[in-house]
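Summary of the model geometry
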Amino acid sequence: MSARGHAFGIDIGGSGVKGAEVDLTTGLLTHDRLKIATPQPSTPAAVAAAVAELVAQAGWTGPVGITMPCVVLDGIARTAANIDQDWIGTDARALFSAALGGREVTVLNDADAAGLAEDRYGNARDLVGLTLLLTFGTGIGSALLYSGVLVPNSELGHLEIDGADAEDLAAASVKDNEGLDYAQWAQRVSRVLSRIEDLFWPKVIIAGGGISRDHAQWIPLLTNRTPVIPAVLKNTAGIVGAAMAIEAGIAP
Ligand code: BGC
């Protein structure tokens, strides 16, 4: 099936491969998302087989957009976070395309996909200028968009702050692992956001990732300068952004 104005997105993470058909006029999934546990080990061949199984389950026959927790350049994964290190150097686009019978595929970074989706369907959708989306999860993902145009692979979660990776200071997983309360964690996040905004000067920062559901408990505690708003799309952002990328021919 492949309806007009609809596209298929898949979001590959450390624990699940999730996908659905997306209505791009609304940014909504047309059915419950399908999910297959990420194979362990999450080697390229095993994940490609899971992607093919998910697309077959959905009965989708058209092109597919796919996100990964990787820097992706010309279809090739250049880093690998929470996924098998064998991905580094793998031509992910060619691999997925072959697993899907040679159909058209695009592959992009997971946070970049979430940024595309928030930028079109979220609360900052009419904003002209620079928007930054940060996803707080196991690590920190980032997406920079200038008036709707993605600047891919920004990787601001790895900005060095006080001698450490930003994500090692302020990812949501760090809050859990170090037993920080929201006030303590918000201080860390503020430090990261202050550093980023001094370098990039976005007009708005969108906070995504699972912890954005609890935004009322921590966004009001932030002390950085730029307005921070919670993401709207929650756990569908990667799928929707992947579908947007294949529709728009975005191939970082
Ligand atoms: C990776 C990014 C990814 C983010 C969220 C970071 O550790 O470097 O590429 O977007 O985690 O998965």
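Residues numbered from 1 in each chain as written. Predicted model: local features only at pLDDT ≥ 70, side-chain atom pairs only at ≥ 80, totals over all residues. Heavy atoms only, no water.

1. Observations concerning the site of the ligand
Which entries qualify depends on this criterion: Neighbouring residues are identified by heavy atoms, a residue being near a molecule or strand if any of them is within 4 Å of it. A 3.5 Å cut-off defines polar contacts: any pair of N or O atoms within that distance qualifies, except that in protein one atom must be a possible hydrogen donor and the other a possible acceptor, and neighbouring residues in sequence count only when both atoms are side-chain atoms. The Shrake-Rupley method, run with a 1.4 Å probe sphere, supplies the accessible areas, and residue values consider only the shown protein chains as cover. Detection works on a 1 Å grid of protein atoms alone, calling trapped sets that fit a 1.4 Å probe cavities and calling open sets with protein on both sides within 12 Å along at least five of seven lines pockets, with lining residues defined by an atom within 4 Å of a point. A cavity or pocket is said to hold a molecule if more than half of that molecule's atoms lie within 2 Å of its grid points. In DSSP terms, a helix is any run of H or I states spanning at least four residues, a strand is any run of E spanning at least two, and both are numbered starting from the N terminus. Polar here means any residue other than Ala, Val, Leu, Ile, Met, Phe, Trp, Tyr, Cys and Pro, which are nonpolar, and Asp, Glu, Lys and Arg, which are charged; Gly is therefore polar. Bear in mind that the domain bounds are from an automatic or database domain assignment.
Around the ligand, the surrounding shell consists of Pro69, Ala81, Asn109, Asp110, Ala111, Ile140, Gly141, Glu155, His158 and Glu167. At a separation of 2.5 Å, an oxygen atom of the ligand approaches a polar side-chain atom of Glu155. Contact with the protein chains hides 90% of the accessible area of the ligand, taken as 310 Å² for the molecule alone. One can see that the ligand is located within the largest pocket. Elements with a minimum of two residues in the shell around the ligand: α3 (110-121) and β10 (140-146). Partitioning the shell around the ligand into residue classes produces four nonpolar, three polar and three charged. Both domains that furnish three or more residues to the shell around the ligand are identified here as domain 1 (6-109 + 236-248) and domain 2 (123-231).

2. Considerations on the domain arrangement of the chain
Here is the rule we go by: We call two residues in contact when some of their heavy atoms are within 4.5 Å. By buried area we mean how much accessible surface two parts lose on assembly, using a 1.4 Å probe and totalling the loss over both.
Domain annotation for the chain reports domain 1 (6-109 + 236-248) and domain 2 (123-231). Measuring from the centre of the C-alpha atoms in domain 1 to the corresponding centre in domain 2 gives 24 Å. Between domain 1 and domain 2, the residue contacts involve six residues of the former and four residues of the latter. Buried area between domain 1 and domain 2, both sides added, is near 400 Å², and the carbon and sulfur share of it is 44%. Its largest share of buried area at the contact with domain 2, domain 1 owes to Val71, Asn82 and Asn109, together 75% of the area lost on that side.

3. Side note on the sheet that holds strand β11 (residues 149-151)
Two strands in a sheet stick together by hydrogen bonds in their backbones, pointing the same way (parallel) or opposite ways (antiparallel). Worth spelling out the cut-off: Here the rule is simple: two strands pair whenever DSSP picks up at least two bridges between them. Every axis corresponds to a line fitted to the C-alpha atoms, with the helix fit spanning only the stretch in contact, and the corresponding angles, defined between N-to-C directions, vary from 0 to 180 degrees.
Pairing is mixed across the open sheet formed by five strands, whose spatial order is β11-β10-β9-β14-β15. Edge positions in the open sheet fall to β11 and β15 (228-230), since each of these has one partner strand only. Pairwise comparison of adjacent strand axes, ignoring direction, gives a mean angle of 30° for this sheet. Sheet topology note: the strand β14 (residues 204-208)/β15 ladder contains three bridges and is parallel. Residue pairing for β15: Ile206 is matched across the bridge by Ile229. Most of the contacts of α3 go to β10, to which it runs at about 45°, and overall it touches β9 (130-136), β10, β11 and β14. Helix-sheet contacts for helix α6 (residues 182-200) involve β9, β10, β14 and β15, and the interaxial angle to β9 is about 150°.

4. Quick notes on the environment of Glu160
One can find Glu160 in strand β12 (residues 160-161). Counting along the chain gives 25 residues from Glu160 to Thr135, while the straight-line C-alpha distance between them is 17 Å.

5. Overview of the layout of surface pockets
Definition in use: Grid points are joined across faces, edges and corners, and a volume is the space filled by probe spheres set on the points.
By volume, the largest pocket amounts to about 1,100 Å³. Counting residues per element, the ones that place at least two in the lining of the largest pocket are β1 (6-12), β2 (16-23), α3, β9, β10 and α8 (237-248). Here the residues of the lining of the largest pocket sort into 11 nonpolar, 18 polar and 10 charged. Counting the residues that make up the lining of the largest pocket, at least three belong to each of domain 1 (6-109 + 236-248) and domain 2 (123-231).

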